[in-house]
Amino acid sequence: MQYVTSGESHGPKLTTIVTGVPAGLNLDEQSIASDMRRRQSGYGRGGRQIIETDTATITSGVRFGKTLGSPVSIDIVNKDWKNWTGKMAAFGNRPDECPREVTPRPGHADIVGFMKTNTDDCRDILERASARETAARVAAGAIARELLAEVGVEVFSWVKSIADVATDDSCLIDYTNNEIPSDLLARIEFSEVRCPDDEVTQRMIKRIDEAKEAGETCGGTFRVVATGLVPGLGSYSEATSRLTSKLAASIFSIPAIKGLEFGAGFAGVSQLGTRFHDEIAILSGSFVRKTNNAGGLEGGMTNGMPLIITAAMKPIPTCMNPLETVNLDTLEVAKSSKERSDVCAVPAAAVVAEAEVSLVLADAYIEMFGNTCMSDLKANLKHYKDRLSVISR
Ligand code: EPS
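Structure report, in brief.

About the cut-offs
Residues numbered from 1 in each chain as written. Predicted model: local features only at pLDDT ≥ 70, side-chain atom pairs only at ≥ 80, totals over all residues. Heavy atoms only, no water. Salt bridge = Lys/Arg side-chain N within 4 Å of Asp/Glu carboxyl O. Helix = DSSP H or I, 4+ residues; strand = E, 2+ residues; numbered from the N terminus. Buried < 20%, exposed > 50% of the residue type's maximum accessible area, 1.4 Å probe, protein only. Pairing = 2+ DSSP bridges. Axes fitted to C-alpha atoms, helices over the stretch in contact; angles between N-to-C directions. Patch = residues over 30% accessible without salt bridge, like charges linked within 9 Å, V, L, I, M, F, W, Y side chains within 5 Å. Areas by Shrake-Rupley, 256 points an atom, 1.4 Å probe, with all protein chains shown as cover. Contact = heavy atoms within 4.5 Å.

**Here's the deal with the pattern of salt bridges**
If you walk through the whole model with that rule in mind, you get 34 salt bridges. A salt bridge links D54 to R132; the shortest N-O distance between them is 2.8 Å. Placement of the pair is D54 in the loop between helix 2 (48-51) and strand 3 (56-60) and R132 in the loop between helix 4 (123-129) and helix 5 (134-150), with a sequence separation of 78 residues. As far as the burial class goes, D54 and R132 line up, both buried.

And the structure:
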């Protein structure tokens, strides 16, 4: 399952085309809408989210709620386009009220894109570098998530820290089986910053308010977890088919992501080998691990334990208290450009990461169990699970 997106942040619409989706996958409009909404929410988002209510409209590849096996295309209309029709027109000349962007923001793609493409206007770069594009990815990810639901896989995320305010979530990730606390998802979705701890949620909100007041922005960290995975997705034999590398590439494809850990991560590797590695046991007829420091990945493959990813997002580069830069016309010292922007988008990035992880995992299922139709994929999966059952031997 592969996807490509197109569309500028203030153009008429975003488009996603997803290929390799098996026929016969049930899609639910409400589930797709729910993911689109979850990406838009989160305390610290800017004025743009008031204008937009992202609606994903499927224009091919689906009939009567089931995929056809042909490419699925999805449109998301930018409601803000009405304010940008002249400034982002495909043809004609630049209107007077649309000056060129010549004061690049440190931390954004502005100046490097300017140098790379020989443009005279950073808007040519920033329109596509904008994280608006991630709406199109979430639409693709929603399709992958539906496939995963049919094979018993759940993907979810929570925010671990915003700026210097962090939650201690170690009790939530010390899984010895695939069960998650029954109220965890409700607590995450209830929090305005996707943090399952009420008290820390309040402190995170306060931190975002303080940052906004100071013309600052906030980064942070989030976790993505996938449960219900069969062992053996990915490969130990070829570098490019290791699931670990595919997952890492997908997380690092999200704008502003600067760090990534699997399982116990960087802190975990200070432990010696006999403490770090997860002992093997049998539970209810299946091989399990007594701990999950590996984060569900061994040898480039899933090992049947929950997949646990932690990612770090840098603070958003558009600061209302601007940084020093250089005016690209005059080459004089200047203040970087101020655009309407978000103060914090860590909760949104977590939802985007769910989509990216879902796409990689759905692709891994398709690769291992068949890409033609869902009934064949599920039959192949059942055969594999039966073979793995220790009790049935
Ligand atoms: C973004 C700047 C803001 C964000 C945008 C990402 O948009 P605007 O410049 O139109 O105010 O709100 O994110 C989204 C629109 C979105 O849907 O996530 C940027 O520069 O990356």
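From this point, the discussion proceeds with the structure in view.
**Thoughts on the sheet that holds strand 6 (residues 72-77)**
Strand order in the open sheet formed by 4 strands is 1-2-6-3, with antiparallel pairing between adjacent strands. If you trace the sheet from one side to the other, it starts and ends with strand 1 (2-6) and strand 3, each paired once. Neighbour-to-neighbour, the strand axes of this sheet turn through a mean angle of 20 degrees, independent of strand direction. Examined bridge by bridge, strand 1 and strand 2 (residues 13-19) share 5 bridges and lie antiparallel to one another. Each residue of the ladder has a partner; that of Y3, found in strand 2, is V18.

**Details of a nonpolar patch on the surface**
Nonpolar side chains collect at one region of the surface, where I111, V112 and M115 lie side by side and expose about 280 Å² of accessible area between them. In this structure, V112 sits in helix 3 (residues 110-117).

**Considerations on the environment of I208**
Mapping I208 onto the fold places it in helix 8 (residues 198-213). I208 sits in the buried class, given a relative accessible area of 2%. Residues I208 and C344 lie 136 residues apart in sequence; the distance between their C-alpha atoms is 6.9 Å. Beyond its immediate sequence surroundings of up to four residues, I208 is in contact with Y43, G44, I162, V193, C218, V343 and C344.

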